[in-house]
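In case you want the letters, here they are:
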Amino acid sequence: MMSLTSPPLAEEEIRSTLSTTSLGQHLHLHRELPSTNTEAMALAQSGAQHGTVVVADRQTTGRGRQGRTWFSPPGVNLYCSVIIRPTRLRIPHADWLSWIPLVSALAAAEAVRTMAGIRLALKWPNDLLCRDRKVGGLLCEHGTDRGQREFVVVGIGLNVNLPPEALPEDLAGLAGSLIEESHHPLNRNRLLAQFLTDLEPLLDELGTHGTARLAHGYASACTTIGTQVRITWSDSTELVGLAEGLGRDGALLVRPLQPRRGMDTPLVEVRAADVIHLRR
Ligand code: BTN
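Residues numbered from 1 in each chain as written. Predicted model: local features only at pLDDT ≥ 70, side-chain atom pairs only at ≥ 80, totals over all residues. Heavy atoms only, no water.

Remarks on the overall build of the protein
Okay, so step 1: Helices and strands together make up the secondary structure of the protein, namely six helices and twelve strands.
Okay, so step 2: Each principal axis of the C-alpha distribution contributes one length, and for the protein these read about 60 × 45 × 35 Å.
Okay, so step 3: Each of the 280 residues in the protein was classed as buried or not, and the buried ones make up 51%.
Okay, so step 4: For the protein, long-range pairs separated by at least 24 residues make up 64% of all intrachain contacts whose partners lie at least 6 apart in sequence.
Okay, so step 5: Summed over its atoms, the accessible surface of the protein is roughly 13,700 Å², and 51% of this surface lies on carbon and sulfur atoms.
Okay, so step 6: Placing the 28 positive and 29 negative side-chain charges of the protein at their respective mean positions leaves the two points 4 Å apart. (Helix = DSSP H or I, 4+ residues; strand = E, 2+ residues; numbered from the N terminus. Buried < 20%, exposed > 50% of the residue type's maximum accessible area, 1.4 Å probe, protein only. Contact = heavy atoms within 4.5 Å. Areas by Shrake-Rupley, 256 points an atom, 1.4 Å probe, with all protein chains shown as cover. Lys, Arg positive; Asp, Glu negative; His and termini not counted. Charge placed at Lys NZ, Arg CZ, Asp CG, Glu CD.)

Written out as structure tokens, the structure is:
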């Protein structure tokens, strides 16, 4: 029989479904935190190991990209941060760094497909969409610890069992939740374990074999590619064009709309910016 309630976050259940060698082997589960990313950054700065995971049932000051806040009510969603350290990279360091957010988004989409049978679309660089509404996002932060060892914190927020009517007014119509598609509550422990289980081999692949296969996987899940987009940079400059593909470092390649026929406009490589899908 289909369960109508979702179990609370519980370390034993996360561990029992986890199939990794490093990610999640050190797990910090909290009832409430200001932000799992802030906590993971502090742990990483104090030397926490590769694969350490911080999860909270609720965040009081959840952080999104571009300084936004991340709506983080208790009991319904996933808020998690993973500490990643580079080990024996066989690809250029800059490529590794710029692909981590994309690879993490891919792992999240794979986990949701495996656990819930829901096919999410990726909006470049790392938004997770379900029927054109944002159900998840990733915030990746980079730092070095006191021993000068580098780390990246991958923070994921996923609206799982959040009833859509509980969304604040400013998110209504823009954000969504997996339960709208699954029609029954999903188990957040298993979803988290699956995310970590899917992320580990993708990170291994990135570090050892590079981006070729990952780029193919990402591009097939990314609905930004092939779409007319509006790009807005942090200094408010804008560009409207067709997103044609990905650069080697994961940049979005955008062909500006041609002002005059017959004139070829060069591709613009977009890295950190806001993207709006206009039309396919
Ligand atoms: C975005 O703006 O799309 C990224 C949102 C990332 C939110 C997650 S929730 C867990 C982790 N802790 C945070 O404070 N932010 C990230």
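So, next bit.
Quick word on the site of the ligand
Okay, so step 1: Near the ligand, the surroundings consist of 20 residues, among which Ser35, Gln59, Arg63, Arg65 and Lys134 are the closest.
Okay, so step 2: Separating a nitrogen atom of the ligand from a side-chain N or O atom of Thr36 is a distance of 3.0 Å.
Okay, so step 3: Coverage of the ligand by the protein amounts to 98% of the 410 Å² it exposes when considered alone.
Okay, so step 4: Mapped onto the shell around the ligand, the elements with two or more residues apiece are α2 (36-45), β3 (78-84), β6 (133-144) and β7 (150-158).
Okay, so step 5: Counting residues per element, the shell around the ligand draws most heavily on β6, at four residues.
Okay, so step 6: Residues belonging to the shell around the ligand are distributed by class as follows: six nonpolar, ten polar and four charged. (Near = heavy atom within 4 Å. Polar contact = N/O pair within 3.5 Å; in protein donor to acceptor, adjacent residues only side chain to side chain. Nonpolar A, V, L, I, M, F, W, Y, C, P; charged D, E, K, R; others polar.)

Observations concerning helix α5 (residues 188-209)
Okay, so step 1: Here α5 spans 31 Å end to end across 22 residues, near enough to the 32 Å set by a 1.5 Å rise per residue.
Okay, so step 2: Capping the start of α5, Asn187 holds a side-chain oxygen 2.9 Å from the backbone nitrogen of Asn189, two or three residues further along.
Okay, so step 3: Phi turns positive one or two residues past the end of α5, at Gly210, with a value near 90°. (Expected span 1.5 Å × (residues − 1).)

Some remarks on the packing of aromatic side chains
Okay, so step 1: Summed over all chains, the structure comprises one aromatic pair.
Okay, so step 2: Geometrically, the ring pair formed by Trp99 and Tyr218 is edge-to-face, given 6.3 Å between the ring centres and 85° between the ring planes. Pair noted here: Trp99 is in helix α3 (residues 93-116) and Tyr218 is in helix α6 (residues 212-221), with a separation of 119 residues, a long-range link. One exposure class covers both Trp99 and Tyr218, and it is buried. (Phe/Tyr/Trp six-rings, centres within 6.5 Å; stacked < 30°, edge-to-face > 60°.)

A few points about the sheet that holds strand β5 (residues 127-130)
Okay, so step 1: If you trace the seven strands from one edge of the open sheet to the other, you get β1-β2-β3-β7-β6-β5-β4, paired in mixed fashion. With one partner strand each, in any of the chains shown, β1 (27-33) and β4 (121-123) form the two edges of the open sheet. Put simply, the sheet's adjacent strands are angled 20° from each other on average, direction ignored.
Okay, so step 2: Note that β1 and strand β2 (residues 53-59) share six bridges and pair parallel. (Pairing = 2+ DSSP bridges. Axes fitted to C-alpha atoms, helices over the stretch in contact; angles between N-to-C directions.)

Concerning the state of the cysteines
Okay, so step 1: For the structure on display, the rule yields zero disulfides.
Okay, so step 2: Free of any disulfide, Cys222 has its nearest cysteine sulfur in Cys140, 15 Å distant.
Okay, so step 3: Accessibility expressed as a relative area gives 4% for Cys222, which makes it buried. (Disulfide = S-S within 2.5 Å.)

Some remarks on the side chain of Asn37
Okay, so step 1: Topologically, Asn37 is positioned in helix α2.
Okay, so step 2: Judged by relative accessible area, which is 4%, Asn37 ranks as buried.
Okay, so step 3: For Asn37, the side chain forms a polar contact with the main-chain oxygen of Leu139, separated by 3.1 Å.
Okay, so step 4: Here Glu141 takes part through its side chain, which lies 2.9 Å from a polar atom of the side chain of Asn37.
Okay, so step 5: Setting aside anything within four residues of it in sequence, one finds Asn37 in contact with Arg63, Ser81, Leu139, Glu141, Val153, Val154 and Gly155.

Nothing here speaks to function; it is geometry throughout.
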